[in-house]
Amino acid sequence: MKFDDDIHNYYERLVSDRIEELELEKQYSQEFLSDLCCLVLNQLPPRYIRHEVDMAFFLPPSKRLDMEMQVHKAITEALEFLKGRKRPDGD
């Protein structure tokens, strides 16, 4: 069985939005941000969807806020972890 290309984890969007909001792409390399995304997404439960509109329609505002707070916490923890590591390329 081949999965539809539209299937994705909703948290990916929330993580991407938060990274843009914090302007982390101005501070870190793409490699660092890729590591960050992996660490963050592995801390969060998967929430697979096909269409963003499905989540907007079926997700109560309180659940959306809870998901955003989980993302904020996961990004903070992952940043602390990655910043604490010594990297040969300076990231």
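Computed from a predicted structure; not experimentally measured.

### Things to note about a nonpolar patch on the surface
Argument step 1. A cluster of nonpolar side chains, namely Phe-3, Ile-7 and Tyr-48, defines an oily patch on the protein surface of about 360 Å² accessible area.
Argument step 2. You can see Tyr-48 is positioned in strand β2 (residues 48-49).

### Observations regarding unusual backbone geometry
Argument step 1. The backbone of Glu-23 shows a phi angle near 55°, a positive value even though the residue is not glycine.
Argument step 2. The residue Glu-23 is located in the loop between α1 (10-21) and α2 (30-43) in this model.
Argument step 3. A relative accessible area of 40% means that Glu-23 is categorised as partly exposed.

### Some details on the nonpolar core
Argument step 1. Within the largest apolar cluster, 22 residues are counted, with the highest numbers of intra-cluster contacts made by Leu-24, Leu-36, Val-40 and Ile-75.
Argument step 2. Listing elements by their share of this core, those giving two or more residues are α1, α2 and α4 (61-84).
Argument step 3. Element by element, the count of residues in this core is highest for α4, at seven residues.
Argument step 4. Look past the residues within four positions of Ile-75 in its chain and what remains in contact with it is Val-15, Arg-18, Ile-19, Leu-22, Leu-24, Leu-36 and Val-40.

### Quick word on the side chain of Asn-9
Argument step 1. Tracing the sequence through the fold places Asn-9 in strand β1 (residues 8-9).
Argument step 2. Judged by its relative accessible area of 7%, Asn-9 falls in the buried class.
Argument step 3. Side-chain polar atoms of Asn-9 contact the backbone nitrogen of Arg-47, separated by 3.1 Å.

Procedures and definitions
- Residues numbered from 1 in each chain as written.
- Predicted model: local features only at pLDDT ≥ 70, side-chain atom pairs only at ≥ 80, totals over all residues.
- Heavy atoms only, no water.
- Patch = residues over 30% accessible without salt bridge, like charges linked within 9 Å, V, L, I, M, F, W, Y side chains within 5 Å.
- Areas by Shrake-Rupley, 256 points an atom, 1.4 Å probe, with all protein chains shown as cover.
- Salt bridge = Lys/Arg side-chain N within 4 Å of Asp/Glu carboxyl O.
- Helix = DSSP H or I, 4+ residues; strand = E, 2+ residues; numbered from the N terminus.
- Buried < 20%, exposed > 50% of the residue type's maximum accessible area, 1.4 Å probe, protein only.
- Core = buried A, V, L, I, M, F, W, Y, C linked by side-chain atoms within 4.5 Å.
- Contact = heavy atoms within 4.5 Å.
- Polar contact = N/O pair within 3.5 Å; in protein donor to acceptor, adjacent residues only side chain to side chain.

Don't take any of this as a statement about function, it's just geometry.
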